[in-house]
Structures are given as structure tokens and as C-alpha cells.
Amino acid sequence: MDNTAALTIARGLFPASPPIDWTEIPITTGESTELVPLEEEEPSFTRDELKLASGRLPSGKAPGPDLVPNEVIKMAAFRHPEIFLTAYNACIQSGHFPARWKSALLVLLHKGQSKPLDQPSSYRPISLLDGAGKLLERLILRRLGKHIDSVKGLSDSQFCFRKSRSTTDAISKVLQMARAAGAGAAKNRDLCAVVTLDVRNAFNSAPWKLIDASLQWCNTPEHLINVIRSYMSNRSVLIDRDPDTNATHLPVSRGVPQGSVLGPTLWNLFYDGVLRLSVPGPTRLIAFDDDVAVVAVAHNAELLELAMNSALSAVSTWMAENGLSLAPEKSESIVLTNKYAYRQPEFAVNGCPVPVKSSLRYLGVHLDTRLSFVEHARVVAAGAKKAETALGRLMPNTGGPTQSKRQLLMSVVHRRVLYGAQVWADEVCSTKKAKSLMTQAQRCAALRVARCYRTVSDMAALILARMPPAPHLAHERKSYAESRRTGTPHAKPELRKEVIRQWQSTWDATSKGSWTKVLIPDVGRWWYYGLKTTTYRMSQALSGHGCFQAYLFKRARAQSPACMHCTAAHDDAEHTILNCPFWYDSRAELTRSLGRPSRPEDVGDLLCGPIQEDLPTERCQQVRLLAAARRNSSLFAEMVESILGQKETLERARQKAAAAAT
């Protein structure tokens, strides 16, 4: 995008307001009768505050217009703190935020291919600010945040940019109201409706006067108000990296910079006004970022419409009075209930009808009317498969990236599949269809991680990839989140033991992966002591899917299931690896080490070593036994690679000859 087009987009994103003369606006703290002002802190920053703030500067971030990375600023603040303290204390004591640190390099992020390139609403503006200025912001934020928390200046219904409050907490609040409404006898159950509202260009539209008024409402100390007023004044964005080109400077006269440190907290203070609105009956306003969800509960559709539309009207009025604008066409609603007989309610925002849907995406989680989360499982499974397919093309089974990089693929899938697990774990794990969708999404990644054939079942692939099923991982995340909320967090190793126990029950109950189950009956033993990496040929040996005549015959790739190298009528993994006399020489060394031919029940010991409880108590005997086990494991791996490597070569030659004959 050239500078002219970027400047046009930027002008559409940053609405202009008349300049503010702060000297004409007196500071009148103590306006709020709800919040008790605290004794003002000493304005000067301390060395400890600087050390803490500089330590929280993130590394690896793009620098601002001065091109100085955070790593350099952190090092300088560590070595010469007195220089920084002198400058920053002069700023806080004089109430002046330097103009140089109020110029941001503008980066426009396009929201997606479906968005028109010439519309400002199709872009998300990110402001890259100088690191030295952001360090000063962090010092101010620590003081401001401490004050806000002490006076409880923010509503409990605001969940964004706050410690120990996340999207899952906001979703849980909505679900709590929905489940309470649906409790009890069928005739006494209520309807719970959720309407999500979209605000146009919210962060760039917040009026600075109203942000200042919010600071005064919560009795912010005067020295903080003065420096924040200076912070908000005379801001600008640069369309390119040349700070000397006046044509690329665009003044900014309202809003909070997306990418700043202070911006999120200032937005919360300003936006908290909508959460203090008086709404009728059991109606709640829940905010996350600039998203507002209006949740209303009533016994029937008529009462629900009355409560919801009244609340929507109040929110719309507040937005208009505070310089914001709703996008009614983007508003959506859903009724969360387990009632079967009820009339569909009708809602409207600014006269625009709000469609009532059977499924609604709220903060990344798809809510359906019955709260079964089957639709959520379907959507996230499809998204995880899409991401896995794109990354999986870089990971062929033979060769390709190392195991650590394959584990990265697993983490990408889990990040998508397990998002919000705390709120849907119980429902998904109690629904067979939802569990199947989640597990199938994992299967695609597990096949790549374990280098399996694509015909391997989900249960066997997850075992070989050492990837616990998603429903069990979801329960683990929920248990950990709940324990942290109660102040007694469970130890993660203990939670993982419970996951292994549940996984063992699932593995015992499934009819899939029968050959893998023979070799790896104990999930816990495999998890803690088994192979950390399975090669392409080892995965064939452990899954039974590979260069075996019985497998190829079943898929119409061979004319008979009989062994090509001996008289056996059925050539499967057990026959090829352990029994076929043609491969006697490849087994000879392992046979000598064991003192007998290996059997299927030996594979668990060969892969995982001896059972820990069976080890002798004497240390020397333990060392000798473990050394022998490691040697046998190495010999087994070499045997598998040798047999299957040679067999693949012979099979390719046979298929090539057969093709030439036809």
C-alpha cells in the first residue's frame, strides 16, 4: 500500500475532534460518592519501580519510530537507572509527557481477504511507539492500576486487560446465568437471551474529555491526571518511518493507541460507564475489550423482549452520548434454553432487527441453544484440520523436520482445539459426537507426529504420537483453572496422572488399534518410559499399517495376503517382524541378546525397559539390567529398520516389475 492510500485509510480510522485546552477543565477529584480517595503516593518513581517496569518490556517486538528495540532499553535501564529516573521523575512531577514519545508509526493490518481494500473498517491500526516512552507508560500504569484496584474503580463485568480475568471468565459469566435460568422443574424454567453488540472503530473514537472525566470519577491522584492529560494531547501517527516528512504526520485528537501500554486501562475506565447503566430486572452487561454482551433472563418471550430491548436502548443511548457508534447490522443474538415450547423473541438495536440464531460465536466459543457445544466442536475441529493440513505439507513421513518441530504441529492443533476448554469440557466429554470431532481433529496431527500411514486409527495414532485425547486434556485444563480460582492450584504432574488414567480406560474400551494395543497395553508406561520419537518404519511395526502383504491386499494393493518370502498365508506386522524365516539374519543379534526369539509380549519391555517395580533393590544389578534393556531396545529398533527397509526395496522392485509386465 502506498503512502497516499495509507493516509486515506488512516484519516478514516482516526476521527478528528477540536483541540482541548486542559487549563479550562478543572481537576475535581472526589466526585464519586461510591469510591473513597486514598492518600496520594509520592510522585517520584523509585529504582525498584524502574527495575520492575523495565523487566516487563517484551523482547522481540517491533521498535517505534526511533528504531531502538526494547532489548537495548532494558540493558540501558539496568546499567544506568539514574539517567532514566531523572528523566521520568521530571515528567511525572511536571505533568509532562514528551512529544517525541507521542508519535507512533502506524501499521495497518488487513482483517481478511473478504474485506475490501479501500475501506478503513477493513484494517486494524497498530501504533508502534518508542520503547523509552512505553517504559514511562509502564511506570505510570503501575501507579494508576494500583489506585484503580484499591478503590475498585472498575466493574466486575469488565473482563479485558485485567489480571486474572480472561475470555473464559466472561463466557463463564454468561453460561452461569443461562444455566441458572434453565434449572428446576420444566414449567419453572426461564429463557436466557444473549445479544452481542459491535462498536464501530471503538478504540480510536473514545473522547479524551470523557477519559479524563473517568479518571476524576475514580479519584485518581492529581499528578497522574496531569501527566495522562499530557499523554493524550497532541498525538500523531506516522504513515512511514521518515519522521522528518511532514506530509506523513497525521494528528490524532481522540481514542487510545492500539499498541500502547496505558491505552487498554484508559479504555477500561472510559468504557466502564456503559457497565454502570441501570438496566431492568435480571439483565447484565458483560464487556470484553470493546465487545458488549447483553444477557437477559425472563420466563417468556414477551417479558424477555421487554427487558432486552430496554437494555439495548439504554446501551445505544450511552454510546451516542459518549462519542461511540454501534453497528446494528453486525449484532447477533441467541436464546439459551432447554425449553422446547416457546416463541422466538424479537430484538432490535436502533430500529434494526437483531437475528436470533441457533448458534452464536462469542469470544471465540460457539454457543448453541442447548449448550451442547457440538457446533463448537465441529467448527474448531475443521479449523484445526485446516491448519494441520497447511503445516503438514512441510512434514513428509520419510525425512522431513525433526521430532521437536513436529511437536510444534501438535501445539498448534491443541491451541485451536482446546481454546476455552474450561467452559465446555463437561458438555463435550458427555457427548459422543463432540468427542469424536475433537479426536478426529487431533488424529490428523498425530499421524504426522508419529509418521504413521493415514489409515491408522485415531486411538492408535494418538498413542504412538504420545498425544492424550482432547476430551481428557480439556478436563485437565478445567481442573487446573478451577483449582487456581480457589487458590489451591493442583500440581500439574498429578493432573497429568489423572489424564493418563482416563486415557487408559479409553484405550482399554476401544476396539481400534488392536495390534498396537497388543504391543502397548499400558498407556502410563508408554507415556513415561516409551519412545520419545517413532520413525517411519517403527510406526509401521507398531501400527501394523505398512509394507505388509495382508495390509496391502486389504487395500487392493496386492494380489494375495500371503508372504512373498515364505509359505505363510498371512503376512502382517507380527509375521514380518518376529516370525518370517526370510529375515532370520536381521533378528539374529537381538535373539542372541535375549537368549530366545522375541515375541509380541516382549515388545513392551523392549520399547519401555523393565517395569520399575520389578527392578532389584541392589544398585549394581539395576545398572546392569537397565544397560541390557537399553541395548535390547537399540537392537530392536535396528532390526525393525533393517527388515522393513529391505522389504520396502523388494516390494518396490516387485511392483515395478508387475507394472512393466502389464
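Located above this text is the structure these notes cover.
Residues numbered from 1 in each chain as written. Predicted model: local features only at pLDDT ≥ 70, side-chain atom pairs only at ≥ 80, totals over all residues. Heavy atoms only, no water.

Student: Sorry, what's going on with the environment of Gly-595 here?
Tutor: Looking at the element boundaries, Gly-595 is found in the loop between helix H23 (584-594) and helix H24 (603-608). Linking Gly-595 and Pro-18, residues 577 residues apart in sequence, is a C-alpha distance of 91 Å. (Helix = DSSP H or I, 4+ residues; strand = E, 2+ residues; numbered from the N terminus.)

Student: How should I be thinking about the pattern of salt bridges in this particular structure?
Tutor: When the charged atoms of two side chains with opposite charge come close together, those side chains can pair. In total, this model carries 29 salt bridges according to the counting rule given. Measuring nitrogen to oxygen at the nearest pair gives 2.5 Å for the salt bridge that ties Arg-378 to Glu-375. Residue Arg-378 and its partner Glu-375 are located together in helix H11 (residues 374-392), separated by 3 residues, close to a single helical turn. A salt bridge links Lys-497 to Glu-494; the shortest N-O distance between them is 3.7 Å. (Salt bridge = Lys/Arg side-chain N within 4 Å of Asp/Glu carboxyl O.)

Student: How do you make sense of the nonpolar core when you look at a structure like this?
Tutor: Within soluble globular proteins, side chains that are nonpolar tend to cluster in buried spots. Counting 98 residues, the largest nonpolar core has Tyr-362, Trp-424, Ile-577, Leu-607 and Phe-636 as its most contacted members. If you tally residues by element for this core, the top one is helix H14 (residues 432-450), at 8 residues. For Tyr-362, the residues in contact, after removing those within four places along its chain, are Ala-170, Ile-171, Val-174, Thr-196, Ile-286, Ala-293 and Leu-367. Counting residues in hydrophobic clusters, the runner-up holds 85 residues, among them Phe-14, Val-199, Leu-324 and Leu-326. (Core = buried A, V, L, I, M, F, W, Y, C linked by side-chain atoms within 4.5 Å. Buried < 20%, exposed > 50% of the residue type's maximum accessible area, 1.4 Å probe, protein only. Contact = heavy atoms within 4.5 Å.)

Student: Any chance you could explain the side chain of Arg-143 here in plain terms?
Tutor: Tracing the backbone through its elements, the reader meets Arg-143 in helix H5 (residues 131-151). Reaching out from Arg-143, the side chain makes a polar contact with the side chain of Glu-49 at a distance of 2.8 Å. (Polar contact = N/O pair within 3.5 Å; in protein donor to acceptor, adjacent residues only side chain to side chain.)

Student: Just to check I follow, could you spell out a positive patch on the surface for this structure?
Tutor: A contiguous patch of positive charge, built from Lys-111, Lys-115, Arg-124 and Lys-330, is present on the exposed surface. Here Lys-330 shows up in the loop between helix H10 (301-321) and strand E8 (332-336). Residue class for Lys-330 comes out partly exposed when judged on its relative accessible area of 46%. (Patch = residues over 30% accessible without salt bridge, like charges linked within 9 Å, V, L, I, M, F, W, Y side chains within 5 Å. Areas by Shrake-Rupley, 256 points an atom, 1.4 Å probe, with all protein chains shown as cover. Lys, Arg positive; Asp, Glu negative; His and termini not counted. Charge placed at Lys NZ, Arg CZ, Asp CG, Glu CD.)

Student: Would you take a moment to explain helix H17 (residues 492-509) for this structure?
Tutor: Each turn of an α-helix holds 3.6 residues, which means side chains three or four residues apart point in the same direction. In this model H17 runs 26 Å from its N-terminal to its C-terminal C-alpha over 18 residues, within 8% of the 26 Å that 1.5 Å per residue would give. Where H17 is concerned, the buried positions are Leu-495, Val-499, Ile-500, Gln-502, Trp-503, Gln-504 and Trp-507. Contacts from the buried residues of H17 go to helix H15 (458-464), helix H16 (470-485), helix H18 (514-519) and helix H19 (523-529). (Expected span 1.5 Å × (residues − 1).)

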